[in-house]
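Fold and geometry: a report
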Amino acid sequence: MELRPLFMCFALCVVYATSKPTEKKDRVHHDEPLSNREHDDTENFDYDHEAFLGQEDAKSFDQLTPEESKERLGMLVERIDDDKDGYVTVEEMKKWIKHAQKRWIYDDVDRQWKSHDLNGDGVVSWEEYKNATYGYILDDPDPDDGFSYRQMMARDERRFKMADHNNDMKANKEEFTAFLHPEEYDHMKDIVVLETMEDIDKNGDGLIDLDEYIGDMYNQEGDATEPEWVKTEREQFSEFRDKNKDGKMDKDETRDWILPSDYDHAEAEAKHLVYESDTDKDGRLTKAEIVDKYDLFVGSQATDFGEALTRHDEF
């Protein structure tokens, strides 16, 4: 039985044993940009399309006629309107954009769900996950290389319990997503920090000192000359990471390092889309308002961007 779910579970803290000594390991979690295209609505709406739909779906809309694009957009609006009150708020738009950008996560969860919900009851219990992931090694001694699968299982169980809101040791799809991708959920951030500290803290004092910090991202392997980026990281640790200047990073300092408060691209784009489409200026969008500005949200085979932009600016 292969341990593929195990590797996904430890994606946040995997050790790149084959990395070159001078390669830097980055433990900081940043939100990816919504699109690699320039956001300039005076030129085109490509950025908005990819932000709203995700890159792949944006391409699929480009193959549709304007009428088909409007029809499919109207169907999407009904999904975006969470509370089904007939209006799309900034918060609902933001949630949709985040979902569109993280679709690869949900695809991964769907794949793993099929191999873990063994009895098909619509939940994944801890027993199901444990048996599917560890299976035949449960009764075996620890491997000779010293890597303890039992310790890994205990760590997985702790994370599973954190994701399990109702404490029944069974995960629905949302809880299972939080278990596999804890960095995406606010209530799972503590476990991300804890696991990271456990990986780096070699002397077991519950803190990260400078040597542990550098040792986690750089393997000297007899090379007496440190790369410049290592020297820079030493300075970063002393000047910015270690805020209380005690020579070590505690839990709060580690959180500030690996989970920085980034600019919220999804919120900014949601506000932009609502502002540009809100013809009656009530701070929310109807289906008609969105579909009427379809060229802002989605692409189509229509190539006359200037005409679309003129119609867009009339509002």
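Residues numbered from 1 in each chain as written. Predicted model: local features only at pLDDT ≥ 70, side-chain atom pairs only at ≥ 80, totals over all residues. Heavy atoms only, no water.

Quick look at the environment of threonine 286
For clarity, the cut-off: The way it works is that DSSP assigns letters per residue, a run of H or I at least four long becomes a helix, a run of E at least two long becomes a strand, and they are numbered from the N terminus. Buried, partly exposed and exposed residues are distinguished by accessible area as a fraction of the type maximum, computed with a 1.4 Å probe on protein chains only: under 20%, between the cut-offs, and over 50%, respectively. Pairs of residues are marked as contacts when any of their non-hydrogen atoms sit within 4.5 Å.
Looking at the element boundaries, threonine 286 is found in the loop between α14 (265-277) and α15 (287-292). By relative accessible area, which is 22% here, threonine 286 ends up partly exposed. In this structure, the C-alpha to C-alpha distance between threonine 286 and valine 88, residues 198 residues apart in sequence, is 6.4 Å. When residues no more than four places from it in sequence are discounted, the contact partners of threonine 286 are Gly86 and Tyr87.

Structural notes on the packing of aromatic side chains
To be explicit about the condition: Pairing of aromatic side chains here covers Phe, Tyr and the six-membered ring of Trp, requires ring centres within 6.5 Å, and sorts the geometry by plane angle: under 30 degrees stacked, over 60 edge-to-face, intermediate tilted. Each ring is checked for a lysine NZ or an arginine CZ that lies within 6 Å of its centre and within 35 degrees of its normal; such an atom marks a charge sitting over the ring.
Following the criterion strictly, the structure yields 12 aromatic pairs and no others. On the basis of an interplanar angle of 75 degrees and a centroid distance of 5.6 Å, the ring pair of tryptophan 113 and phenylalanine 176 is categorised as edge-to-face. Here the residue tryptophan 113 occupies a position in helix α6 (residues 103-116), and phenylalanine 176 occupies one in helix α9 (residues 173-180), the gap between them amounting to 63 residues. Taken individually, tryptophan 113 and phenylalanine 176 each receive the classification buried, so the pair is uniform in this respect. Above the face of the phenylalanine 61 ring, arginine 72 is positioned so that its terminal group lies 4.5 Å from the ring centre. The positively charged end of arginine 284 is found above the aromatic ring belonging to tyrosine 87, 3.5 Å away from the centroid.

Considering the UniProt feature "domain: EF-hand" (unreviewed entry) in the protein
What counts, and what does not: UniProt positions are given in the numbering used here, feature names are shortened, and annotations may be inferred rather than shown by experiment.
When the UniProt feature table is mapped onto this chain, "domain: EF-hand" (unreviewed entry) is found at residues 68-103, 104-139, 151-186, 188-223 and 265-300. Secondary structure across residues 68-103 divides into 72% helix and 0% strand, with the first and last C-alpha atoms of the span separated by 23 Å.

Describing the environment of aspartate 110
How we decide: Pairing of N or O atoms within 3.5 Å defines a polar contact, subject to two protein rules: one partner must be a possible hydrogen donor and the other a possible acceptor, and residues neighboring in sequence count only if both atoms are side-chain atoms.
With respect to the secondary-structure elements, aspartate 110 resides in helix α6. Judged by its relative accessible area of 33%, aspartate 110 is partly exposed. Separated by 63 residues in the primary sequence, aspartate 110 and lysine 173 place their C-alpha atoms 8.5 Å from one another. Of the polar contacts made by the side chain of aspartate 110, one reaches the side chain of lysine 173; its length is 3.0 Å.

Observations regarding the nonpolar core
Formally: Among the buried residues, those of types Ala, Val, Leu, Ile, Met, Phe, Trp, Tyr and Cys that are joined through side-chain atoms within 4.5 Å form a nonpolar core.
If you look at the biggest cluster of nonpolar residues, it comprises 36 residues, and the most contacted ones within it are Phe176, Phe179, Tyr213 and Trp257. Contributing elements (two or more residues each) for this core: α6, α7 (126-133), α8 (149-163), α9, α10 (189-200), α11 (210-217), α12 (228-241) and α13 (251-258). The element best represented in this core is α10, accounting for 5 residues. Counting 27 residues, the second-largest nonpolar core is a separate cluster that includes Leu73, Ile97, Leu285 and Tyr294.

Remarks on the packing of helix α5 (residues 90-101) against α14
The condition that has to hold: Angles here are taken between N-to-C directions and fall from 0 to 180 degrees, while the axes themselves are lines fitted to C-alpha atoms, restricted in helices to the stretch in contact. Any angle that is under 35 degrees is reported as roughly parallel, and any over 145 degrees as roughly antiparallel; angles of 65 to 115 degrees are reported as roughly perpendicular and all others as oblique. By convention the crossing between two helices is left-handed if the near helix lies anticlockwise of the far one by an angle smaller than a right angle, and right-handed if it lies clockwise. In this classification, Asp, Glu, Lys and Arg are treated as charged, Ala, Val, Leu, Ile, Met, Phe, Trp, Tyr, Cys and Pro as nonpolar, and every other residue, Gly included, as polar.
Here α5 crosses α14 at 125 degrees, and the two axes come no closer than 8 Å. What the angle tells us is that α5 and α14 run oblique. Of the two possible hands of crossing, α5 and α14 adopt the one that is right-handed. Facing α5, whose interface residues are Val90, Met93, Lys94, Ile97 and Lys98, α14 presents Ala266, Glu267, Glu269, Ala270, Lys271, Leu273 and Val274. Residue composition of the contact of α5 with α14, by class: 7 nonpolar, no polar and 5 charged.

Details of the pattern of salt bridges
Rule in force here: Salt-bridge detection follows one rule: a side-chain nitrogen of Lys or Arg within 4 Å of a carboxyl oxygen of Asp or Glu.
For the structure shown, the criterion picks out 29 salt bridges. The partner of aspartate 82 in a salt bridge is lysine 95, and the shortest N-O contact between them spans 3.0 Å. With aspartate 82 in the loop between α4 (66-80) and α5 and lysine 95 in helix α5, this pair connects stretches of sequence that are 13 residues apart. Salt bridges linked by common partners bring Arg27, Arg155, Arg158, Glu198, Asp199 and Asp216 together as one network.

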